[in-house]
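# Notes for the structure review
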Amino acid sequence: MNDVHGGWFTPGQIAGFVGLLVLGAALGAGSYGIGHRLAGTGSGAVVAAASSASTPDGSVLYAGNCAGCHGAKAEGAVGPALKVALGWSAADFRHAVLDGTTPEGRTLGVVMPRFATTGLDGAPPTETQLDAIQAYVKTLQ
């Protein structure tokens, strides 16, 4: 079949390939436009962040930043169970989460993020957020 055209593609195959390129470009441009509207940079829907004045949800913060290592119920997984943290003061808890040091001065493992540097959800953590996480962890034990 390809011998007739010297081993190259047939005109129908070339047209099909060009059609796929045009369709891919149209889908890509459409997806890009939808993304801009969702991000609030276009004329479509605007997604707004929750007000910073509202009380943070410790369960949501824990699920997004801690549960992956410490388990859904703080029972331990990659990281240790958090029973030891139940007796910590708010300042001790904050220091451990922010800087990776326990109240006894022990340095936490290298896999424990130093949230003072990495942030929570892309922003520097607030005392209110850390207090909400600690309060939530206490409900799990």
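In what follows, the accompanying structure is described. (Residues numbered from 1 in each chain as written. Predicted model: local features only at pLDDT ≥ 70, side-chain atom pairs only at ≥ 80, totals over all residues. Heavy atoms only, no water.)

## Comments concerning the overall build of the chain
- The helix and strand inventory of the chain stands at six helices and zero strands.
- For the chain, long-range pairs separated by at least 24 residues make up 43% of all intrachain contacts whose partners lie at least 6 apart in sequence.
- Of the roughly 9,300 Å² of accessible surface on the chain, 65% is carried by carbon and sulfur atoms. (Helix = DSSP H or I, 4+ residues; strand = E, 2+ residues; numbered from the N terminus. Contact = heavy atoms within 4.5 Å. Areas by Shrake-Rupley, 256 points an atom, 1.4 Å probe, with all protein chains shown as cover.)

## Points about the layout of surface pockets
- What the largest pocket holds in volume is close to 500 Å³.
- Residue lining of the largest pocket: 29 residues in total, with His-70, Pro-80, Leu-82, Leu-108 and Met-112 positioned closest to the centre.
- Listing elements by their share of the lining of the largest pocket, those giving two or more residues are helix H2 (58–65), helix H3 (67–70), helix H4 (90–99) and helix H6 (127–140). (1 Å grid on protein atoms, 1.4 Å probe; cavity = no way out; pocket = protein on both sides within 12 Å on 5 of 7 lines; lining within 4 Å. Points joined across faces, edges and corners; volume = space filled by probe spheres on them.)

## Quick word on H4
- All of the buried residues along H4 are Phe-93, Arg-94, Ala-96 and Val-97. Each buried residue of H4 lies within a common arc of 165° when the element is viewed along its axis, so the set occupies one face.
- Turning to H4, the residues buried within the fold contact helix H5 (115–118) and H6. (Buried < 20%, exposed > 50% of the residue type's maximum accessible area, 1.4 Å probe, protein only. Arc of directions from axis to C-beta.)

## Some details on the nonpolar core
- Tyr-62, Phe-93 and Ile-133 are the most contacted members of the largest nonpolar core, which totals 19 residues.
- With four residues, H6 is the single largest residue contributor to this core.
- In this view, Phe-93 contacts Ala-85, Trp-88, Leu-130, Ile-133 and Gln-134; residues no more than four positions away in its chain are not counted. (Core = buried A, V, L, I, M, F, W, Y, C linked by side-chain atoms within 4.5 Å.)

## Quick notes on H2
- For H2, the full list of buried residues reads Gly-58, Leu-61 and Tyr-62. The arc that holds the buried residues of H2, viewed along the axis, is 100°, so those residues lie on one side. Exposed and facing more than 90 degrees away from the buried side of H2 are Val-60, Ala-63 and Gly-64.
- On its buried face, H2 sits against H3 and H6.

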